[in-house]
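# Observations on the three-dimensional arrangement
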Amino acid sequence: MIGKLDLYRVFSVVAKNNSFSRAAKDLYMTQPAVSQAMMQLEKELGTRLFNRTPKGVTLTTEGSLLFEYTNSALGLLDAGEEKLLEFKNLTTGQLKIGVGDTISRFFLMPYLEAFHTMYPNIKLEMLNGTTSEICNFIKSGEVDIGFCNFPIEDSTLQLTVCTDIQDIFVCGEKYKTLASKSLSYEDLLKFPLIFLEKKSNSRKYVEDFLLSNGVHIEPEFELGSHDLVLEFARSNLGIACVTKEFSKDYLHRGLLYELSLNGKIPPRSIGMCFLKTVPLSRAATKFVEIIEHKRFNTRRTIKKA
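Residues numbered from 1 in each chain as written. Predicted model: local features only at pLDDT ≥ 70, side-chain atom pairs only at ≥ 80, totals over all residues. Heavy atoms only, no water.

Inspection of the sheet shows strand 3 (residues 94-99) paired to strand 4 (residues 123-127) by five bridges, in the parallel sense. Residue pairing for strand 4: Leu95 is matched across the bridge by Leu124. Handedness of the crossover joining strand 3 and strand 4 through helix 5 (residues 101-118): right-handed. Two strands pair when backbone bridges link them, and strand 3 and strand 5 (residues 145-149) are joined in this way by three bridges, in the parallel orientation. Of the residues in strand 5, the one forming a bridge with Gly98 is Gly146. (Pairing = 2+ DSSP bridges. Helix = DSSP H or I, 4+ residues; strand = E, 2+ residues; numbered from the N terminus. Right-handed = clockwise from strand over helix to strand, strands pointing away.)

Relative to the helices and strands, Asp6 is located in helix 1 (residues 2-17). On the basis of relative accessibility, which here comes to 46%, the residue Asp6 falls in the partly exposed class. Spatially, the C-alpha atom of Asp6 lies 18 Å from that of Ser21, the residues being 15 residues apart in sequence. (Buried < 20%, exposed > 50% of the residue type's maximum accessible area, 1.4 Å probe, protein only.)

Here we come to the domain arrangement of the protein chain. Segmenting the protein chain into domains produces domain 1 (1-87), domain 2 (89-162 + 268-301) and domain 3 (166-265). Summarising the inter-unit geometry, the C-alpha centres of domain 2 and domain 3 are found 28 Å apart. Here domain 2 packs against domain 3, burying approximately 1000 Å² in sum over the two surfaces, 52% of which is carbon and sulfur. Taken as a group, Thr102, Phe106 and Arg268 account for 52% of the area that domain 2 buries against domain 3, more than any other trio of residues on that side. With a closest N to O distance of 2.8 Å, Arg105 and Asp227 form a salt bridge. Here domain 2 is connected to domain 3 by seven residue pairs in polar contact (both at pLDDT 80 or more). Breaking the side of domain 2 that touches domain 3 down by element, the ones donating at least two residues are helix 5, helix 6 (131-140) and strand 14 (268-275). For the side of domain 2 that touches domain 3, the element with the highest residue contribution is helix 5, accounting for three residues. Within the side of domain 2 that touches domain 3, the residues separate by chemical class into four nonpolar, four polar and three charged. (Domains from an automatic or database assignment. Buried area = accessible area lost by both parts, 1.4 Å probe. Salt bridge = Lys/Arg side-chain N within 4 Å of Asp/Glu carboxyl O. Polar contact = N/O pair within 3.5 Å; in protein donor to acceptor, adjacent residues only side chain to side chain. Nonpolar A, V, L, I, M, F, W, Y, C, P; charged D, E, K, R; others polar.)

Shown next as structure tokens:
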């Protein structure tokens with residue numbers, strides 16, 4: 001069928017020109033080669049396609065019928081090739097990313113802005129979820145790439161650490177005097193605690209750390225977003241566990257106060273993940289390159305400092 005496709009392309013050009021010689025010029029072929037190709041096609045189809053005259057050629061009834069289908073099919077093939085070229089050059093397409101609101105706002109936004117500036121015609125689709133939900137989005141093909149709270153244990157995913165983050169405890173004005181003291185984790189149990197909901201990877205990480213130190217928590221408030229945790233703490237509803245890097249505005253403005261605790265919670269990471277066995281789309285590959293380029297430049301800056 002591959003060889004026959006070339007014959008159909010020649011057939012279409014000859015039919016449009018009503019001439020073997022003019023078709024040969026358009027196709028950068030010799031006239032005998034064009035004539036031979038049409039004879040081969042007629043032989044394979046078992047029918048005459050052209051009326052040959054001294055002034056050129058005209059289509060037979062069968063040839064006219066075939067030309068309608070051939071012209072339409074070749075037009076669709078050309079359109080398909082153009083569309084593929086657009087995808088290759090990133091002048092069209094889609095990038096689907098799984099990410100939570102907090103990571104999107106405080107980490108991913110500059111990368112999204114850079115990608116959109118470079119490739120404005122690529123449609124960005126964001127799918128919100130917890131770390132476990134985002135991992136499922138990736139596996140089901142609903143998103144190309146996910147950005148999650150690490151650690152993640154999943155052998156099917158390619159995991160790349162993007163940046164380290166630190167979990168801390170904070171309070172509002174009502175509990176401000178606690179910020180000047182050195183507290184144990186057991187001391188925290190004397191106050192209402194504000195945490196993210198249990199299905200959050202961030203919550204599980206801190207809770208596991210506290211349990212390893214013999215401290216079992218029963219939060220007064222379990223919330224669905226980091227912003228809500230910050231606001232509940234600012235409203236003096238209790239002591240909150242938050243991510244320091246995502247709370248800088250509240251801390252710098254004096255809306256919240258970081259508590260000093262005996263024994264720092266080990267830092268964790270935000271990372272990028274995608275399936276190991278499925279090649280990334282060209283748009284997703286370019287987005288990964290932007291992330292990797294930023295990480296490389298950040299490491300180089302730190303080393304110089």
